[in-house]
Amino acid sequence: MPKNVKKMKLKSYLIIILIFSLNNLYSQSDKIEIYNEMFKWKFSIPNYFENVSPKEAEKNQAIGKEIIEKKVGQEIVNKSIKIYGFKSGNFNQLIVNYQFTKSEDNYTERFKQVSELLYQSFKEKLPNAEIKKSYSSEIISNIKFDTFEMHISDNKIKMNMKCFSAIIDGKILNIQIAYQDEEKGEVLISSIRKSTFIE
């Protein structure tokens, strides 16, 4: 398969969602400083990242929804609310969204079930790829986040994904990082790990 076709396939399988708010962003020197009032959350990323346009986000959301629906065999109602979307190139992206939840019971298990569905969807779409996954948890600014990592290798094409998820004040905060460039991916992951939630 031609290399450019493989890149198009990998791009299609990035499940990304976005609504962008300029009110929470400002640029300072070589960084974009971000503050979200709802979660009282502050983090920064390099200013070579740019926002994902609403049109691109809508297209990618439709692709991701279709992939999952084919896997589960039924229509999915997306209840997530989009906050931020940034990218550097086509394959290095940070997406943040949230949704309301009525219960914190068994959340780690529920998170794993959703992540497993994502993993199985990639396995079906990329049957010849080597896909590794792992689950863990991390403490970020005194908040426990469940994490999911996935590493995809298809000949010379590689893609990585790191997801952070936590329940904060009755809302599930989801942070998704997908990347091919290892340096850019590590920069985004480090930015999230260094972020702060004001009590």
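The structure reproduced in this document is the subject of the present report. Treat the numbers as computed from the prediction; the structure is a model and nothing was measured.

Now for the overall build of the protein chain. Looking only at helices and strands, the protein chain has four helices and eleven strands in total. For the protein chain, the residues scored as buried account for 45% of the 199 residues in total. Sequence-distant contacts in the protein chain: of pairs separated by 6 or more residues, those separated by 24 or more amount to 59%. Per element, the accessible surface of the protein chain, about 10,900 Å² overall, is 49% carbon and sulfur.

Turning our attention to the nonpolar core. If you look at the biggest cluster of nonpolar residues, it comprises 27 residues, and the most contacted ones within it are Leu94 and Leu173. Sorting the residues of this core by element identifies β2 (31-36), β3 (41-46), β5 (81-87), β6 (93-100), β8 (143-154), β9 (157-168), β10 (171-179) and α4 (182-193) as the ones contributing at least two each. Here the element with the most residues in this core is β10; it accounts for four residues. Sequence-distant contacts of Leu173, defined by excluding residues within four places in its chain, comprise Phe39, Trp41, Ile83, Val96, Asn97, Tyr98, Phe145, Phe164, Ser165, Ala166, Ile168 and Phe197. Among the nonpolar cores identified, the runner-up in size contains 17 residues, and Tyr119, Phe122, Ile152 and Met159 belong to it.

Let us now look at a negative patch on the surface. A contiguous patch of negative charge, built from Asp181, Glu182, Glu183 and Glu186, is present on the exposed surface. Mapping Glu182 onto the fold places it in helix α4. Residue classification places Glu182 among the partly exposed positions, given a relative accessible area of 46%.

Moving on, we come to the pattern of salt bridges. Tallied over the entire structure, the rule returns six salt bridges. In this structure, Glu37 engages Lys40 in a salt bridge whose closest nitrogen and oxygen atoms are separated by 3.1 Å. For Glu37, a relative accessible area of 46% gives the class partly exposed. A salt bridge links Glu116 to Lys133; its shortest N-O distance comes to 2.4 Å. A residue pair is termed long-range when its members are at least 10 positions apart, and Glu116 in helix α3 (residues 107-125) and Lys133 in strand β7 (residues 130-140) qualify at 17 residues. Each of Glu138, Glu149, Lys162 and Arg193 takes part in a single network of salt bridges with overlapping partners.

Quick look at the environment of Gly170 now. Structurally, Gly170 can be placed in the loop between β9 and β10. Distance in space between the C-alpha atoms of Gly170 and Ser103 is 7.6 Å, their sequence separation being 67 residues. Residues contacting Gly170, with those up to four places away along its chain left out, are Gln99, Phe100 and Thr101.

Looking now at the environment of Asn128. Assignment of secondary structure puts Asn128 in the loop between α3 and β7. On the basis of relative accessible area, Asn128 is assigned to the exposed category, the value being 72%. Separated by 25 residues in sequence, Asn128 and Ser153 have C-alpha atoms that sit 9.0 Å apart.

As enumerated under the stated definition, the model contains eleven aromatic pairs in all. Considering the side-chain rings of Phe145 and Phe164, the 6.4 Å spacing of their centres and the 80° angle between planes classify their relative orientation as edge-to-face. Taken together, the residues span a long stretch of sequence, with Phe145 in strand β8 and Phe164 in strand β9 at a distance of 19 residues. Here the two residues Phe145 and Phe164 agree in accessibility, since each one is buried. Among the aromatic side chains, those forming a connected cluster through ring pairs are Trp41, Phe43, Tyr84, Phe86, Phe145, Phe164 and Phe197. Here Lys133 stacks its cationic end above the ring of Tyr119, 4.4 Å away from the centre of that ring. One residue, Lys171, lies across the ring of Phe39, its end atom 5.9 Å from the ring centre.

Rules and cut-offs
- Residues numbered from 1 in each chain as written.
- Predicted model: local features only at pLDDT ≥ 70, side-chain atom pairs only at ≥ 80, totals over all residues.
- Heavy atoms only, no water.
- Helix = DSSP H or I, 4+ residues; strand = E, 2+ residues; numbered from the N terminus.
- Buried < 20%, exposed > 50% of the residue type's maximum accessible area, 1.4 Å probe, protein only.
- Contact = heavy atoms within 4.5 Å.
- Areas by Shrake-Rupley, 256 points an atom, 1.4 Å probe, with all protein chains shown as cover.
- Core = buried A, V, L, I, M, F, W, Y, C linked by side-chain atoms within 4.5 Å.
- Patch = residues over 30% accessible without salt bridge, like charges linked within 9 Å, V, L, I, M, F, W, Y side chains within 5 Å.
- Salt bridge = Lys/Arg side-chain N within 4 Å of Asp/Glu carboxyl O.
- Lys, Arg positive; Asp, Glu negative; His and termini not counted.
- Charge placed at Lys NZ, Arg CZ, Asp CG, Glu CD.
- Phe/Tyr/Trp six-rings, centres within 6.5 Å; stacked < 30°, edge-to-face > 60°.
- Lys NZ or Arg CZ within 6 Å of the ring centre and 35° of its normal.

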